[in-house]
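Fold and geometry: a report
Each chain, written out:
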Amino acid sequence: FLIVPPHADSAETLAALEQIAATTEIPALLLRRGDMAENAYKSLVKAIAPRAQALGAAVLIEGDPGLVRLLGADGLHVSGGVKAVRDAIAALKPDLIVGAGDIGSRHDAMQKGELDIDYILFGPLSGGISEPERDLARWWAETMQVPSVLSDPAAGLVGHDAGDCEFIGLALPSGSAA
């Protein structure tokens, strides 16, 4: 589960994707929006999504659910609360992916997990994961059916440990660093 930082260079991102895909399956690619202006973000998604999809990755975006279909993405990653997740589900399911992140507690995880989400992401979208977040992800993976992503974008592509989670979220390295 690769995480592309906001303001990524599309050429470097595509080169890194090609290099990684040559040796590893990429089930999902999250194109983070951060504070990018809408037009810049649309351009980034349009430049990367078709090639990532051709390599077998489901492309997830952040932001407005209406952008998912408009940009040809496969789904939406929601970092907001339960209402934001419900709104995304109403707009996109059953045809498209809806995942939830920004999980602060077991209660929060269960509230979002009871909705019709496709995955739940534990940990940050940038930086390193804390031990309490890692413990929460382990608990979820052992207890619940909804697939989990242990997000540890500070970890390298080699030697990562997803624990019992189905996926590990890693930052996509830039071009030649892959």
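Above this text you will find the structure in question.
As a starting point, this report considers the structure included with it. Note that the structure is a prediction, hence the values are computed from the model and not measured.

Here we look at unusual backbone geometry
Residue Lys93 is joined to Pro94 through a cis peptide bond whose omega torsion reads 10°. Structurally, the position occupied by Pro94 is in the loop between helix H4 (82–92) and strand E5 (97–100). Residue His7 is not a glycine yet carries a positive backbone phi of 65°. Positive phi, normally seen in glycine, also occurs at Asp102, with a value near 55°. Along the chain, Asp102 falls in the loop between E5 and helix H5 (106–113).

Side note on the packing of aromatic side chains
Considering all chains together, one arrives at 3 aromatic pairs under this definition. Summarising the aromatic geometry, the rings of Phe1 and Tyr119 are spaced 5.4 Å apart at their centres and angled 65° between planes, so their arrangement reads as edge-to-face. Placement of the pair is Phe1 in the segment before strand E1 (2–4) and Tyr119 in strand E6 (residues 119–122), with a sequence separation of 118 residues. As far as the burial class goes, Phe1 and Tyr119 line up, both buried. Three or more aromatic residues link up through ring pairs in this structure, and these residues are Phe122, Trp139 and Trp140.

Here we look at the pairing of strand E2 (residues 28–31)
Covered by surrounding structure in E2 are Ala28 and Leu30 together with Leu29 and Leu31, the residues of both alternating faces. A crossover connection joins E1 to the parallel E2 through helix H1 (residues 10–21); in handedness this β-α-β unit is right-handed. In this region the chain leaves E2, passes through helix H2 (residues 38–54) and returns to the parallel neighbour strand E3 (residues 58–61); the handedness of that crossover is right-handed.

Let's talk about the pattern of salt bridges
By the definition in use, this model includes 9 salt bridges. Between Lys42 and Glu38 there is a salt bridge; the shortest N-O distance is 3.0 Å. Here Glu38 and Lys42 lie together in helix H2, a separation of 4 residues that amounts to about one turn. Exposure remark for Lys42: the relative accessible area of 19% places this residue in the buried category. Residue class for Glu38 comes out partly exposed when judged on its relative accessible area of 38%. Shared partners join several salt bridges into a network, and the residues in it are Glu131, Arg134, Asp135, Arg138 and Asp152.

Thresholds, definitions, all that
Residues numbered from 1 in each chain as written. Predicted model: local features only at pLDDT ≥ 70, side-chain atom pairs only at ≥ 80, totals over all residues. Heavy atoms only, no water. Helix = DSSP H or I, 4+ residues; strand = E, 2+ residues; numbered from the N terminus. Phe/Tyr/Trp six-rings, centres within 6.5 Å; stacked < 30°, edge-to-face > 60°. Buried < 20%, exposed > 50% of the residue type's maximum accessible area, 1.4 Å probe, protein only. Right-handed = clockwise from strand over helix to strand, strands pointing away. Salt bridge = Lys/Arg side-chain N within 4 Å of Asp/Glu carboxyl O.

Scope: geometric values only; no functional claims are made or implied.
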